[in-house]
Amino acid sequence: MAKKELNLNRIEMPKQAPFIRNRNFNEVALGYTEEDAVAEAGRCLECKKSYCIEGCPVEINIPGFIKRIANKDFSGAIKIIKEKNCLPAVCGRVCPQEEQCENKCLLNKKGVPIAIGRLERFAAEWEAAQGKIDMPNIKVSTGKKVAIIGSGPAGVTVAGDLILEGHDVTIFEALHEPGGVLTYGIPEFRLPGKIVNREIDYLQKLGVKLKTNYVVGKTKSLHKLLDEFDAVFVGTGAGLPWFMEIPGENLNGVYSANEYLTRVNLMRGFQYPKTYTPVKRHKRVAVVGGGNVAMDCARTALRLGAEKAYIVYRRSQEELPARFEEFENAEEEGVIFHFLTLPEKLIGDENGWLKEIECSKMELGEPDQSGRRRPIRIEGSEFRMPMDSCIIAIGNSPNPIIPNTTPDLEVGKRGTITADDETGKTSIDRVWAGGDIVTGAATVILAMGAGRKAARAMQEYLSR
């Protein structure tokens, strides 16, 4: 068999032009055509040892589905993906493949790895375009009932795995729309709501029941659910926003990233007056933070009509935690970056509205516990920037409702539920947990990986 020719040139995915997309909420990346997908899949070296699978938290047979795409067997490709991943259209868009599966690709040694995420997205979109979804085989009913608390990535993964085993699965969601962070935390231009709805609809077609506006810990306690269900999974995420605890954070025009993005994404604030939750059109918006959420907020502000949107980050560009793709998109769209800058005071006008932000310049010292160089304030470097809005995007703590209403549930110092790394088992019998409620804020795919591990352990218990 002849050795496969090395092709180091990745097929790029077309995007909306920056000067057009920064004023609309349509999806930025436009996806591969069939021709592009086949060409990109054809770059795969079909390695004897599939290192890319090792980099996937949900263990997708990556070479298998890529080979199907290369051979134009798109139906076979999506079937392979769905053996392990019930959210392929989501993961193909928002997962950090460059740090996971693509990072393991042998093509990295010479050039650019296979665009695994883009190919996963292509397969999912191809299936949707057919108007027909092949349903997997579901085992005979076991008579066992499973409750899933939270419809984010971890919860839907557990639901998707356990419904196939023949169990009766019900998801309880606190908000009026399912999807968790996929719905309220990621903007339409990065992950369209219709994509999330389509994936949730697929679960419901499999037989998963969904109850919205149901706050476990308020509507009903966790222990009450245990009276009705054989097993419970807690995947309530990290939705409690952090603030900087500096003067002026209670001024009008100051938001947490959670509030800002929820108003826009879940409540469709950008469609006012068609919807009833307007978001004020601020002119100069500062976003504090450097992660993907900060990028989302700044890019959203521009789309809502801001004249200027700034990222204010206390470290340098090299330490940005955001994906490079998100930083690049933000920069292309006109977001202005103030690196090595720390807000210290928010200053309001006589009517209680933000008018200025007082900041200090920073310099980088030795690395701290995160491995990044520690920012140090430069004395006498204070300056002010005129702003009429400030969005705090520095992170979140786990949702506290269930820990606070379940005294016998073991919780860590940061409010996370204590759960076994490999099984998700908690301190309460028949209760498992996973995702951000256990790890703190992390990625969609890591939450799904935790959900998969928990589902395996729950299945082992339920099949006794």
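Relevant structure appears above.
Values in this document were obtained by computation on a predicted structure and should not be read as measured data. (Residues numbered from 1 in each chain as written. Predicted model: local features only at pLDDT ≥ 70, side-chain atom pairs only at ≥ 80, totals over all residues. Heavy atoms only, no water.)

**Digging into the sheet that holds strand S6 (residues 254-256)**
Note on sheets: strands pair through backbone hydrogen bonds, and any given pair is parallel or antiparallel.
Phase 1 of the analysis: Pairing is parallel across the open sheet formed by five strands, whose spatial order is S6-S14-S7-S8-S9. Edge positions in the sheet fall to S6 and strand S9 (336-338), since each has one partner strand and no second. Between one strand axis and the next, the sheet turns by 20 degrees as a mean value, whatever way the strands run.
Phase 2 of the analysis: Note: strand S7 (residues 284-288) against strand S8 (residues 308-312), five bridges, orientation parallel. If you follow Val-288 over to S8, its bridge partner there is Val-312.
Phase 3 of the analysis: Set on the sheet, helix H12 (residues 257-265) makes contact with S6 and strand S14 (389-392); between it and S6 the angle comes to about 85 degrees. (Pairing = 2+ DSSP bridges. Helix = DSSP H or I, 4+ residues; strand = E, 2+ residues; numbered from the N terminus. Axes fitted to C-alpha atoms, helices over the stretch in contact; angles between N-to-C directions. Contact = heavy atoms within 4.5 Å.)

**Focus: empty space enclosed by the protein**
Phase 1 of the analysis: This model, assessed by the stated rule, comprises four cavities of 30 Å³ or more.
Phase 2 of the analysis: Roughly 140 Å³ of internal volume is contained in the largest cavity.
Phase 3 of the analysis: As for the largest cavity, its lining consists of 17 residues, of which Cys-44, Cys-47, Cys-52, Cys-105 and Leu-106 are closest to the centre.
Phase 4 of the analysis: If you list the elements that add at least two residues to the lining of the largest cavity, you get helix H3 (51-54) and helix H4 (62-70).
Phase 5 of the analysis: The element best represented in the lining of the largest cavity is H4, accounting for three residues.
Phase 6 of the analysis: Of the residues in the lining of the largest cavity, the class split is 13 nonpolar, one polar and three charged. (1 Å grid on protein atoms, 1.4 Å probe; cavity = no way out; pocket = protein on both sides within 12 Å on 5 of 7 lines; lining within 4 Å. Points joined across faces, edges and corners; volume = space filled by probe spheres on them. Nonpolar A, V, L, I, M, F, W, Y, C, P; charged D, E, K, R; others polar.)

**Side note on the packing of aromatic side chains**
Phase 1 of the analysis: On inspection of all chains with the given rule, the structure shows 10 aromatic pairs.
Phase 2 of the analysis: Centre to centre, the rings of Tyr-255 and Tyr-260 are 5.4 Å apart; their planes meet at 65 degrees, and the pair counts as edge-to-face. Neither Tyr-255 nor Tyr-260 differs from the other in exposure class; each is buried.
Phase 3 of the analysis: In textbook terms, an aromatic cluster arises when at least three aromatic residues are bridged by ring pairs, as seen for Phe-324, Phe-327, Phe-337 and Phe-339.
Phase 4 of the analysis: Across from the ring centre of Phe-229, 4.9 Å away, lies the NZ or CZ of Lys-145, which sits over that ring.
Phase 5 of the analysis: The side chain of Lys-280 reaches across the aromatic face of Trp-353, ending 5.2 Å from its centre. (Phe/Tyr/Trp six-rings, centres within 6.5 Å; stacked < 30°, edge-to-face > 60°. Buried < 20%, exposed > 50% of the residue type's maximum accessible area, 1.4 Å probe, protein only. Lys NZ or Arg CZ within 6 Å of the ring centre and 35° of its normal.)

**Digging into the packing of H4 against helix H7 (residues 116-130)**
Phase 1 of the analysis: At a closest axis distance of 11 Å, the pairing of H4 and H7 adopts a crossing angle of 60 degrees. As judged from the angle between their axes, H4 and H7 are oblique. The two elements H4 and H7 meet at a crossing, and its hand is left-handed. Of the residues in H7, those touching H4 at Ile-62, Phe-65, Ile-66 and Ile-69 are Ile-116, Leu-119, Glu-120, Phe-122 and Ala-123.
Phase 2 of the analysis: Looking at the contact of H4 with H7 residue by residue, the class counts come to eight nonpolar, no polar and one charged. (Parallel < 35°, antiparallel > 145°, perpendicular 65-115°, else oblique. Left-handed = near helix turned anticlockwise from the far one by under 90°.)

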